[in-house]
Amino acid sequence: MYGNLKAELEERLGRMAAEGLLKEERVIACAQGPEIVLADGRKALNFCANNYLGLSGDERLRAAAAAAMEEWGYGLSSVRFICGTQSIHKRLEDALADYLGMEGAILFSSCFDANGGVFEPLLDEDCAIIADGLNHASIIDGVRLCKARRWIYRHADMSDAEEADPETGAVQKGLERCLKEAAGAKRRLIATDGVFSMDGDAADLNAICDLAERYDALVMVDDSHATGFVGPRGRGTWEDQLVAGRIDILSTTFGKALGGASGGCVAGRREIVEYLRQKSRPYLFSNSLAPAIAGGTLKALEIARESSELRRRLYANAGRFREGMAAAGFELRPGSHPICPVLLYDEKLASSMAAELLNEGIYAVGFSFPVVPRGMARIRVQLSAAHAAAQVDRAVESFAAVRRRLGAIG
Ligand SMILES: Cc1ncc(COP(=O)(O)O)c(C=O)c1O
């Protein structure tokens, strides 16, 4: 019986609305791309998609997906191990393993599922997971589903230190301290995002791998915000930081640079991948990836592998935006990643500025507490290879115009 849940949900939703915490879904009325039409007819330049290589609306991917659907059908109506594996799925797994420099790869319906299904089969209650404090929600949930003991280290803190947070009093530890504390575990695994989505900062994989070797720990990296464009050949943070062969498990998504549809994978050492095929619950109990997505992702990998031009354009756009904003007096999180957080600190300012930017035809999202720490509100701008230089310049001009209008800074 629905009973008092209705009243309770209404009350909660009302409270969230009053606190400005309701997430509004903006409906778009066209394909994903650098310029979009909103359902109300307004046009906007899109600076909030994870469309890093600009492949989401790409004609070559559309054609490859359509051809795969024509050849292999619309869907499998089965999980992989019953009758849901076609040769296109095997081809994609081989291509991913090769692209990611790993011995094997296994497909999931999403990277959320990949992260949800990777820890539990490999680690039991006698094991330990040591995770960065800013890891993506899917890693957090995957870790929760697993019986291993947990340690959370302060974001990016590799040290052996332990100290109380001056504001909350909570004890914060560095990775090395956690590794030492977990010394009695049968097995230790360090889990980290390759690039963190709120700031675009990369994990220090060299330091992590050094510590993993010193303390005999496995390393798991989620490279969703890096696959396809970070590193000299775009293979990811592992390539950029020269740690090939030192990472045991790598998860990633097809929902960002690789065309942006959906799907994900775990790539890793042969036995790990083979064991996940037997035991990973989101793999065993969820339907096969649609053939069209397998075909589209294969094409995205081919494009990412064969051409450096999209990566060049992506980084040129990110650099142009960062330079333009700095010259206009805005503070950005330093770095070169196409995730460019414009720091505003003030939560009201972040949301009114994002709303005003949309009135100017610039779509970028404001993030406030609890998504980012209190007092660290920002507008996250994401660049794409598909943006034209003039569109990037327009975004910078709009930021400056809106700031003048709001009388905000300077
Ligand atoms: C770091 C990271 N991991 C995993 C995911 C989930 O990927 P998917 O959309 O394929 O479930 C995301 C998506 O936001 C992400 O940013």
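To start, this report covers the structure provided alongside it.

Conventions and cut-offs
Residues numbered from 1 in each chain as written. Predicted model: local features only at pLDDT ≥ 70, side-chain atom pairs only at ≥ 80, totals over all residues. Heavy atoms only, no water. Helix = DSSP H or I, 4+ residues; strand = E, 2+ residues; numbered from the N terminus. Rg over C-alpha atoms; globule rule 2.2 N^0.38 Å. Buried < 20%, exposed > 50% of the residue type's maximum accessible area, 1.4 Å probe, protein only. Contact = heavy atoms within 4.5 Å. Areas by Shrake-Rupley, 256 points an atom, 1.4 Å probe, with all protein chains shown as cover. Lys, Arg positive; Asp, Glu negative; His and termini not counted. Charge placed at Lys NZ, Arg CZ, Asp CG, Glu CD. 1 Å grid on protein atoms, 1.4 Å probe; cavity = no way out; pocket = protein on both sides within 12 Å on 5 of 7 lines; lining within 4 Å. Points joined across faces, edges and corners; volume = space filled by probe spheres on them. Nonpolar A, V, L, I, M, F, W, Y, C, P; charged D, E, K, R; others polar. Patch = residues over 30% accessible without salt bridge, like charges linked within 9 Å, V, L, I, M, F, W, Y side chains within 5 Å. Salt bridge = Lys/Arg side-chain N within 4 Å of Asp/Glu carboxyl O. Core = buried A, V, L, I, M, F, W, Y, C linked by side-chain atoms within 4.5 Å. Phe/Tyr/Trp six-rings, centres within 6.5 Å; stacked < 30°, edge-to-face > 60°. Lys NZ or Arg CZ within 6 Å of the ring centre and 35° of its normal. Polar contact = N/O pair within 3.5 Å; in protein donor to acceptor, adjacent residues only side chain to side chain. Pairing = 2+ DSSP bridges.

Overview of the overall build of the chain
The helix and strand tally for the chain stands at 15 helices and 16 strands. In summary, the chain has a C-alpha radius of gyration of 22 Å against a globular reference of 22 Å for 410 residues, a match within 12%. The dimensions of the chain, computed from C-alpha atoms along their principal axes, are 60 × 60 × 55 Å. Per-residue burial over the chain gives 51% buried out of 410 residues. Contacts in the chain between residues at least 24 apart in sequence constitute 67% of all its contacts with a sequence separation of at least 6. Here the chain has roughly 19,000 Å² of accessible surface; of this, 52% comes from carbon and sulfur atoms. Each charge class in the chain can be summarised by its mean position, and for the 49 positive and 56 negative side chains these summaries are 2 Å apart.

With respect to the layout of surface pockets
The calculated volume of the largest pocket comes to roughly 1,500 Å³. As for the largest pocket, its lining consists of 36 residues, of which Leu-22, Lys-23, Glu-24, Val-365 and Gly-366 are closest to the centre. Listed by contribution, the elements that provide at least two residues to the lining of the largest pocket are helix H14 (347–359), strand S15 (365–367) and strand S16 (377–382). If you tally residues by element for the lining of the largest pocket, the top one is H14, at eight residues. In the lining of the largest pocket, the residues fall into 18 nonpolar, nine polar and nine charged. Here the second largest pocket is characterised by a volume of approximately 730 Å³. Looking at the second largest pocket, it is lined by 26 residues, and the ones nearest its centre are Leu-134, Met-198, Val-371, Val-372 and Pro-373. Tallied by class, the residues present in the lining of the second largest pocket amount to 13 nonpolar, six polar and seven charged.

Comments concerning a nonpolar patch on the surface
Taken together, Tyr-2, Leu-5, Leu-9, Leu-13, Met-16, Leu-21 and Leu-22 make up a surface patch of nonpolar side chains, about 600 Å² in accessible area. Relative to the helices and strands, Leu-9 is located in helix H1 (residues 5–18).

Examining the nonpolar core
If you look at the biggest cluster of nonpolar residues, it comprises 63 residues, and the most contacted ones within it are Leu-92, Leu-175, Ile-208 and Ile-247. Every residue in contact with Leu-175, bar those within four places of it in the chain, is listed here: Ile-130, Tyr-153, Asp-157, Met-158, Ser-159, Ile-190, Ile-208 and Leu-211. The next biggest cluster of nonpolar side chains, apart from the first, holds 26 residues, and it includes Leu-45, Met-325, Leu-349 and Ala-364.

So, the packing of aromatic side chains
Here the structure, examined in full by the defined rule, presents four aromatic pairs. Taking the centre distance of 4.3 Å and the plane angle of 35 degrees together, the rings of Tyr-52 and Phe-229 count as tilted. Taken together, the residues span a long stretch of sequence, with Tyr-52 in the loop between strand S2 (43–46) and helix H2 (59–72) and Phe-229 in the loop between strand S9 (217–222) and helix H9 (237–240) at a distance of 177 residues. Note on Tyr-52: relative accessible area 0%, which makes it buried. Here the aromatic rings of Phe-321 and Phe-399 are separated by 6.1 Å at their centres, their planes lie at 65 degrees, and the arrangement is edge-to-face. Of this pair, Phe-321 sits in helix H13 (residues 309–327) while Phe-399 sits in helix H15 (residues 389–406), and the two are 78 residues apart along the sequence. Each member of the pair, Phe-321 as well as Phe-399, carries the same accessibility label: buried. Connected via pairs of aromatic rings, a cluster forms that spans Phe-321, Phe-330 and Phe-399. Against the face of Phe-369 rests Arg-374, its NZ or CZ located 3.9 Å from the ring centre.

Observations concerning the environment of Asp-393
Mapped onto the secondary structure, Asp-393 falls in helix H15. Here the alpha-carbon distance between Asp-393 and Ala-377, two residues 16 residues apart in the chain, equals 23 Å. Reaching out from Asp-393, the side chain makes a polar contact with the side chain of Arg-320 at a distance of 2.8 Å.

A look at the pairing of strand S13 (residues 339–345)
Judged by how many residues are buried, S13 sits mostly within the fold: six of seven residues are covered. With two bridges joining them, strand S12 (residues 331–332) and S13 adopt antiparallel strand pairing. Within the sheet, the bridge partner assigned to Glu-331 lies in S13 and is Leu-343. Examined bridge by bridge, S13 and S16 share six bridges and lie antiparallel to one another. Bridge pairing in S16 links Ile-339 to Gln-382.

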